[in-house]
Amino acid sequence: MKRRFRTMSALLTMVLAAMFCAFTFTACSDDEDTDNEVTYTYGFAEMSASHPDFLEEMGKIESAFKSALGITGSPFTKQGTVEECDKQVYAACQKANQSLQDEGWQGDYLFEVTKPSRERFKTNNRMRQLIYIMITMALLSSCQQKGDKNMTSEELMRKAIVLAEENVDNGGGPFGAVIARNGEIIATGVNRVTAEHDPTAHAEVSAIRAACKKLGTFDLSGCEIYTSCEPCPMCLGAIYWAHIDKMYYGNNKADAKRIGFDDSFIYEEIALSPESRRLSSERVLKDEAVKAFDMWMKKDDKIEY
C-alpha cells in the first residue's frame with residue numbers, strides 16, 4: 001500500500017510539474033462556446049530509456065504516438081465534442097503504448113494529455129478530466145513497462161478483466177490478457193482484430209507476441225497467462241506453442257457463445273478429416289513440399305521449438 005501511495009504521489013508530482021515543462025502535451029478548446037473542434041499539442045514530462053541513444057528512444061516513442069493519432073506534428077486538432085475528442089485521443093494513446101510494448105521497448109515514460117480551458121488554472125470538469133487522463137496514461141505506461149511484483153492470481157486476472165473492459169470502451173472486442181512470471185506482469189494484450197484489421201490479433205496472441213519480444217525468446221516457460229475468457233482454438237494452440245506453464249481464465253466458451261463469439265464449430269472441424277471439413281482443401285505437390293522437411297531433419301544447427 002505504501003508503495004502504491006508513493007507511486008501515485010510521484011505520478012501526481014510529475015503531472016503537475018509537467019504543466020510548466022517545455023515538453024508539455026496540452027490541449028485546449030479554441031472556443032468555450034463551441035464543442036466541434038479541440039486543439040492539442042504534445043510532448044514528454046518524464047521518461048527513462050534503456051537505450052544509450054536517448055534522443056533515438058524519444059523519437060521512437062513520439063513516432064508511435066504520432067502514427068496512432070494520425071498527425072504529423074503539434075499542434076493538431078480533432079473534430080467533435082470535447083468528450084468525443086478526448087475519447088479519440090485516449091484510445092490512440094493506448095494503441096501507441098501497446099505498439100511500443102509489442103516492439104519490446106524498455107523504459108518508463110510519461111506522455112501527457114492535458115486539456116485546460118481558457119481558465120486553465122481553475123478546477124473545473126475539464127481540468128478534472130484532463131488530470132484523470134494524465135494519471136491513467138501514466139499508470140498504463142508504468143504498469144505495462146514495469147509491472148507490479150508479487151501480484152496474486154486474482155490481481156492479475158482482474159488486470160486482464162480491466163483491459164477487456166477498457167478495450168470495449170475504445171471500440172475493441174471484450175477480451176484482455178496478461179502474461180506474468182513470478183507474480184510480475186511481463187506483457188499484456190487486448191483484442192485488436194478490428195483496430196489492426198488482423199483476424200489473428202486476439203488478446204492472448206497479442207500478449208504472447210509482446211512477451212516474447214520483451215524477453216527475447218520464443219519459449220515462455222515459467223510464465224502464466226491470465227485471460228478474461230477461455231481461449232479460442234487458435235489462441236490455445238499459441239499458448240501451447242509458447243510453452244506457458246499455466247492458464248487462468250474468467251469467462252468460458254459458453255459465455256463467449258452467448259454474446260456471439262462461438263468457437264465450438266472450430267473445435268468440431270479440427271476433429272474431422274480434411275475432406276470432411278467445411279473449408280475446402282486439396283493436397284498439392286506433396287513430393288516437392290516434403291523436401292523442406294528433409295532439409296530440416298538433416299540440419300545440424302537447427303533451433304528446435
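Residues numbered from 1 in each chain as written. Predicted model: local features only at pLDDT ≥ 70, side-chain atom pairs only at ≥ 80, totals over all residues. Heavy atoms only, no water.

**Q** So what exactly am I meant to see when it comes to the overall build of the chain here?
**A** Across its full length, the chain holds 11 helices and 9 strands. Out of the 305 residues belonging to the chain, those deemed buried represent 39%. When contacts within the chain are restricted to residue pairs at least 6 apart in sequence, those whose partners lie at least 24 apart make up 62%. On the chain, roughly 17,700 Å² of surface is accessible, and the fraction owed to carbon and sulfur atoms is 55%. (Helix = DSSP H or I, 4+ residues; strand = E, 2+ residues; numbered from the N terminus. Buried < 20%, exposed > 50% of the residue type's maximum accessible area, 1.4 Å probe, protein only. Contact = heavy atoms within 4.5 Å. Areas by Shrake-Rupley, 256 points an atom, 1.4 Å probe, with all protein chains shown as cover.)

**Q** Hey, could you run me through unusual backbone geometry in this one?
**A** Most peptide bonds are trans, and most residues other than glycine sit at a negative phi. Positioned with a positive phi, His 197 is a non-glycine residue whose angle comes to about 50°. Inspection of the secondary structure assignment puts His 197 in the loop between helix H6 (193-196) and helix H7 (203-215). With phi around 55°, Leu 285 is a residue other than glycine that occupies positive phi space. By secondary structure assignment, the location of Leu 285 is in the loop between helix H10 (264-270) and helix H11 (286-298). With a relative accessible area of 53%, Leu 285 lands in the exposed category.

**Q** What am I meant to see in the packing of H7 against helix H8 (residues 233-241) here?
**A** Axes are the key here: two packed helices are described by the angle between their axes and the distance separating the axes. One way to put it is that H7 packs onto H8 with a least axis distance of 8 Å and a crossing angle of 25°. In terms of axis orientation, H7 runs roughly parallel to H8. The two elements H7 and H8 meet at a crossing, and its hand is left-handed. Contacts between H7 and H8 involve Glu 204, Val 205 and Ile 208 from the first element and Met 234, Cys 235, Ala 238 and Ile 239 from the second. A per-class count over the contact of H7 with H8 returns 6 nonpolar, no polar and 1 charged. (Axes fitted to C-alpha atoms, helices over the stretch in contact; angles between N-to-C directions. Parallel < 35°, antiparallel > 145°, perpendicular 65-115°, else oblique. Left-handed = near helix turned anticlockwise from the far one by under 90°. Nonpolar A, V, L, I, M, F, W, Y, C, P; charged D, E, K, R; others polar.)

**Q** Hey, could you run me through the pairing of strand S8 (residues 224-229) in this one?
**A** On a regular strand, one side chain projects to one face of the sheet and the next to the other, so that they alternate. The buried fraction of S8 amounts to 5 of the 6 residues, a majority that puts the element mostly inside the structure. Looking at chain direction, strand S6 (residues 176-181) and S8 are connected through 4 bridges and run antiparallel. Paired with Ala 177 across the bridge in S8 is Thr 227. Of the pairings in the sheet, the one linking S8 to strand S9 (residues 246-251) comprises 5 bridges and is parallel in character. Across the sheet, residue Ile 225 finds its bridge partner in S9, namely Met 247. At this point the chain moves from S8, through H8, to the parallel S9, and the crossover so formed is right-handed. (Pairing = 2+ DSSP bridges. Right-handed = clockwise from strand over helix to strand, strands pointing away.)

**Q** Help me out: how do you make sense of the state of the cysteines in this one?
**A** The full count for this structure, using the stated rule, is 0 disulfides. Cys 223 provides the cysteine sulfur closest to Cys 212, a residue in no disulfide bond, and the two sulfurs are 8.5 Å apart. Taking the relative accessible area as the measure of exposure, Cys 212 reaches 16% and is therefore buried. Cys 229 forms no disulfide, and the closest cysteine sulfur to it belongs to Cys 232, at a distance of 9.2 Å. (Disulfide = S-S within 2.5 Å.)

**Q** Mind showing me how you'd approach the environment of Arg 278 here?
**A** Here Arg 278 lies in the loop between H10 and H11. Discounting chain neighbours no more than four positions away, the residues touching Arg 278 are Phe 265 and Glu 269.

**Q** How should I be thinking about the sheet that holds S9 in this particular structure?
**A** Pairing between the strands of a sheet is mediated by backbone hydrogen bonds and can be parallel or antiparallel. Pairing is mixed in the open sheet, where 4 strands are placed in the order S7-S6-S8-S9. Single-partner strands in this sheet number two, and they are strand S7 (184-190) and S9. Between one strand axis and the next, the sheet turns through 15° on average, direction left out of account. Across the sheet, H7 lies against S6, S7 and S8, angled at about 135° from S7, the strand it touches most.

**Q** Quick question: what am I supposed to make of the pattern of salt bridges here?
**A** Pairing of side chains with opposite charge becomes possible as their charged atoms draw close. One pass over the structure, following the stated rule, counts 4 salt bridges. Here Arg 278 ties to Glu 269 by a salt bridge, and the two come within 4.0 Å at their closest N and O atoms. The class of Arg 278 is exposed, set by a relative accessible area of 66%. Its salt-bridge partner being Asp 301, residue Lys 299 comes within 3.1 Å of it at the nearest N-O pair. Residue Asp 301 is classed as exposed on the basis of its relative accessible area, which comes to 57%. (Salt bridge = Lys/Arg side-chain N within 4 Å of Asp/Glu carboxyl O.)

**Q** For this particular structure, what's the right way to read the environment of Ile 185?
**A** Within the secondary structure layout, Ile 185 lies in strand S7. Each C-alpha atom of the pair Ile 185 and Ala 211 lies 9.4 Å from the other, and the pair is 26 residues apart in sequence.

By themselves, these figures tell us nothing about what the structure is for.
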